[in-house]
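Close look at the chain arrangement
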Amino acid sequence: MSASLRVLLVGDAMGKPGRQALQRILPEWRRTGRADFIIANGENLAGGKGITADTAAEIIEAGADVLTTGNHVWDNKGAFDVIGRDPRILRPANYPAGMDIPGCGHGLYAVHGMPLKIGVLNVLGRVLMPPIDCPFRAAREALPFLSNETPIIFVDFHAEATSEKIYMGWHLDGHVTCVFGTHTHVLTADERLLHKGTAYITDIGMTGGYDGVIGVKIESVTDKFLRLMPGRHEVCDRNVCMSGALVTLDPATGRALAIERVFEKAHL
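The sections below set out a description of the structure shown in this document. (Residues numbered from 1 in each chain as written. Predicted model: local features only at pLDDT ≥ 70, side-chain atom pairs only at ≥ 80, totals over all residues. Heavy atoms only, no water.)

**Remarks on unusual backbone geometry**
A positive phi is found at Asp 100, a non-glycine position, where the angle reads about 55 degrees. In this structure, Asp 100 sits in the loop between β4 (66-68) and β5 (106-110). The phi torsion at His 183 lies on the positive side, around 115 degrees, for a residue other than glycine. Inspection of the secondary structure puts His 183 in the loop between β8 (178-182) and β9 (192-193). We classify His 183 as buried; its relative accessible area is 13%. (Helix = DSSP H or I, 4+ residues; strand = E, 2+ residues; numbered from the N terminus. Buried < 20%, exposed > 50% of the residue type's maximum accessible area, 1.4 Å probe, protein only.)

**Re the nonpolar core**
Among the nonpolar cores identified, the biggest contains 33 residues, and Leu 8, Leu 26, Ile 51, Leu 67 and Met 242 are the most heavily contacted of them. Only β1 (5-10), α1 (15-32), β3 (37-41), α2 (53-62) and β12 (240-249) provide two or more residues apiece to this core. The dominant element in this core, judged by the number of residues it contributes, is α1, at 5 residues. (Core = buried A, V, L, I, M, F, W, Y, C linked by side-chain atoms within 4.5 Å.)

**Side note on the layout of surface pockets**
Its boundaries defined by the atoms lining it, the largest pocket holds a volume of some 420 Å³. Of the residues that constitute the lining of the largest pocket, the class distribution is 7 nonpolar, 7 polar and 3 charged. One number sums up the size of the second largest pocket: a volume of about 190 Å³. If you trace the second largest pocket, you find 14 residues lining it, with Ala 93, Asn 94, Tyr 95, Ala 138 and Glu 141 closest to the centre. Looking at the lining of the second largest pocket, the element that brings in the most residues is helix α3 (residues 135-147), giving 4 residues. (1 Å grid on protein atoms, 1.4 Å probe; cavity = no way out; pocket = protein on both sides within 12 Å on 5 of 7 lines; lining within 4 Å. Points joined across faces, edges and corners; volume = space filled by probe spheres on them. Nonpolar A, V, L, I, M, F, W, Y, C, P; charged D, E, K, R; others polar.)

By themselves, these figures tell us nothing about what the structure is for.
What follows is the structure, given as C-alpha cells:
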C-alpha cells in the first residue's frame, strides 16, 4: 500500500465553462498522478443551476470519481434521470426521513489501482438555506456505515454560514479525513489540520468564470443590486479557472497529513 494518498477536491463547477475547465484540467491531473481520487461538486453543472445525466457524464469522463451536490441539485428536472441511478452522484444526506427523496447522501468508492475504499458524505447546511434536517446529526448517523468499511472519509458540507461550517469541522474532527465546505464559490484561506487529524477548509471555491460575480455575468446581477429587480442569470465564461484543495492522507489510518489550496487557470 502507498505511504500516502492524494485526493483532489474540486469547487462548484458553473455551467458549460466549468465543465470545459474540468475536461481540460482533470485528465492532466490523472495522467501525471497528481491525484489518486477526485471529488467534484456538480450542483451547478447544467446552465449554472442543477445537474443532468449528460453534464454529470462529462465530468466523470474527465476524471471525477464522485460528484457531490447541494441546495440547487433539483433545479434542473434532469436531476431525476441521474440521482439515484448512478451511485457516483450524491445528493445531501439530511433530507427528512420518509420523504421518498431519490438517491443517497453517502457512498463508498474504490480507488483505481489500489485495494482501498473512500467514503464520501454530502450534507446541506441550515443557516440561510432551505429547511432541512440537522446536518450534524445526519453526519454522525452516516459515519458508522462508512467507517465500518474504510478509515478514509470525506465530507462535503454545502452551507452558507462560515460559523456552521467551522463547527462541522470540530464536530467531526478525528472521525473523518476531511471536512470541506462548498456553496459560496469563494476559495477561503483557512485550510488547516485540526487537532485530531481531520483536514478542514471553509470553502473550496468555484470552477468557472472569475471575471463575473460568483460564476455569473456582471450584467446579470446589475438589476438585482442597483434596481432591486429580478434578472436572468447568465453563466460567466471569462477568465475560467478551477478552484479546490488537495488533501494528502495516510491510507492506513485515514488521518490527513496535509491540505493545500488549488487554483488553476483553464486556458480555454
